[in-house]
Amino acid sequence: MANGKALNHELSKLFNEMWDMDVNRLMPGKDYTIDLQGKAGAAQQGDSAVQDSAARHLFHNVNEERLKSIKTFATFISLLDNYEASTGVAEVVTPEERAENNCFLDAILATEVMKLAHEYLLKKKLAKPNLADFKYQLYDIWFQLYARKEGDRPDSCGFEHVFVGETRRGKQILGLHNWVQFYLQEKRNQIDYKGYVARKNKTRPDKDDQVLSIQFSWKGSVKPIGSTFIGVSPEFEFALYTVIFLLAEERVTRETVKIEEYELQMVVCRHGHHIGTSYPVLLGTSSEG
């Protein structure tokens, strides 16, 4: 196991229950098709040009009708354009955006996946029983603005980093670990998929894999390796990261879990009372950020 950390059986059991309950998850080959193409070449953080092993998009097609008909996806998509990608540029939250954040939280709190997360956190005395209080707690963890760097104006929040992505001085991609954002950015030709990063024990991912390690460029910078769940609902990712965040006390937490066939290290970094970043690492691939 990576970093010598044993498999967390309790979290693996919980996350598999969430996986089974995730009725809003899109199915590979049915709701979307991916086109893996070639294996990505070597790259360093900050590179502006790398070998491109994939001439075509990663997402061959996605059933957008289905995406937009699911409330949690529809409300999630409306949040993606609310953020200024560059760190160091102050974010401004309008009343309309605050309302959109609340709509999204209301939608995910109505799902079985988030109800299960809430029940688990209640047992651990880490969440308030009242749903309105739990929603307030989620808002603070994910949407409260903070400064990524000392002395900057509030320019970031957990949601923006993890789900939307940010750039630092135009040289480095931060976050962007969400497949819907990846798909939408790719569709606008903002993202260029460069190829997959293989697991050591598996020469090549399958097109129905629902966790992938990939290399891509966005806004002129390369992300040498980024792992992402594919097809899962926003509530599934929110539930996983929130549970790990609230269980942990250290600044960086790595939990080794097995979800379905995937051995993952779930990484969650805190920024005070807020999420700094969170992402899955497919075990057997190199580390990432």
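See above for the structure.
Residues numbered from 1 in each chain as written. Predicted model: local features only at pLDDT ≥ 70, side-chain atom pairs only at ≥ 80, totals over all residues. Heavy atoms only, no water.

Peer 1: Quick one: what's the story with the packing of aromatic side chains, residue by residue and with numbers?
Peer 2: If you walk through the whole model with that rule in mind, you get 23 aromatic pairs. Centre to centre, the rings of Trp142 and Phe238 are 4.3 Å apart; their planes meet at 25 degrees, and the pair counts as stacked. In this pair, Trp142 sits in helix H6 (residues 131-142) while Phe238 sits in helix H9 (residues 234-247), placing the two residues 96 residues apart along the sequence. Side by side, Trp142 and Phe238 carry an identical accessibility label, which is buried. Taken together, a centroid distance of 6.4 Å and an interplanar angle of 50 degrees make the contact between Phe159 and Phe238 tilted. In this pair, Phe159 is assigned in helix H7 (residues 158-164) and Phe238 in helix H9, connecting sequence segments 79 residues apart. Exposure remark for Phe159: the relative accessible area of 0% places this residue in the buried category. Over the face of the ring belonging to Trp19 we find Arg25, whose NZ or CZ atom lies 4.0 Å from the ring centre. (Phe/Tyr/Trp six-rings, centres within 6.5 Å; stacked < 30°, edge-to-face > 60°. Helix = DSSP H or I, 4+ residues; strand = E, 2+ residues; numbered from the N terminus. Buried < 20%, exposed > 50% of the residue type's maximum accessible area, 1.4 Å probe, protein only. Lys NZ or Arg CZ within 6 Å of the ring centre and 35° of its normal.)

Peer 1: If you had to explain the nonpolar core to someone new, which residues and values would you point to?
Peer 2: Counting residues in each nonpolar core, the largest one holds 77 residues, and the members touching the most others are Met18, Trp142 and Phe159. In terms of residue count, H9 provides more of this core than any other element does, nine residues in total. (Core = buried A, V, L, I, M, F, W, Y, C linked by side-chain atoms within 4.5 Å.)

Peer 1: Talk me through the sheet that holds strand E5 (residues 191-196); I want residue IDs and the actual numbers.
Peer 2: If you trace the three strands from one edge of the open sheet to the other, you get E5-E6-E7, paired in antiparallel fashion. Each having just a single partner strand, E5 and strand E7 (221-229) make up the two edges of the open sheet. Each strand axis lies, on average, 35 degrees off the axis of its neighbour in the sheet, ignoring direction. Against the sheet, helix H8 (residues 179-187) makes contact with E5, strand E6 (211-218) and E7, and its axis sits at roughly 120 degrees relative to E5, the strand it touches most. (Pairing = 2+ DSSP bridges. Axes fitted to C-alpha atoms, helices over the stretch in contact; angles between N-to-C directions. Contact = heavy atoms within 4.5 Å.)

Peer 1: Before we move on, can you summarise the packing of helix H3 (residues 71-79) against H8 with the specific residues and values?
Peer 2: Packed helices, taken two at a time, are described by the angle between their axes plus the distance between the axes. In the contact formed by H3 and H8, the axes pass within 11 Å of each other and the chain directions differ by 60 degrees. The angle between H3 and H8 places the two elements in the oblique class. In the crossing of H3 with H8, the sense of the turn from one axis to the other is right-handed. Contact residues: H3 offers Phe73, Phe76 and Ile77, while H8 offers Trp179, Val180 and Leu184. Grouping the constituent residues of the contact of H3 with H8 by class yields six nonpolar, no polar and no charged. (Parallel < 35°, antiparallel > 145°, perpendicular 65-115°, else oblique. Left-handed = near helix turned anticlockwise from the far one by under 90°. Nonpolar A, V, L, I, M, F, W, Y, C, P; charged D, E, K, R; others polar.)

Peer 1: Pulling in residues and values, what's your account of the sheet that holds strand E8 (residues 252-259)?
Peer 2: The strand order across the open sheet formed by three strands is E8-E9-E10, and the pairing between neighbours is antiparallel. Unpaired on one side and paired on the other, E8 and strand E10 (274-282) mark the two borders of the sheet. Ignoring strand direction, the axes of neighbouring strands in this sheet form an average angle of 20 degrees. Pairing geometry for strand E9 (residues 262-271) and E10, over eight bridges, is antiparallel. Across the sheet, the residue bridging to Gln265 is Val281, located in E10. Relative to E8, helix H1 (residues 9-21) is tilted by about 60 degrees, and along the sheet it contacts E8 and E9. Sheet contacts for H9: E8, E9 and E10; angle to E9, the most-contacted strand, approximately 65 degrees.

Peer 1: How would you sum up the packing of helix H4 (residues 95-109) against H9? Please name residues and give values.
Peer 2: One way to put it is that H4 packs onto H9 with a least axis distance of 10 Å and a crossing angle of 85 degrees. With respect to H9, the axis of H4 lies roughly perpendicular. Contact residues: H4 offers Phe104, Leu105 and Ile108, while H9 offers Pro234, Glu235 and Phe238. Across the contact of H4 with H9, the residue classes break down as five nonpolar, no polar and one charged.

Peer 1: Run through unusual backbone geometry, naming residues and quoting values.
Peer 2: Residue Lys125 is not a glycine yet carries a positive backbone phi of 60 degrees. Tracing the sequence through the fold places Lys125 in the loop between helix H5 (112-123) and H6. Given a relative accessible area of 73%, Lys125 falls into the exposed group. Its identity is not glycine, yet Glu260 carries a phi of approximately 55 degrees, on the positive side. Note that Glu260 resides in the loop between E8 and E9.

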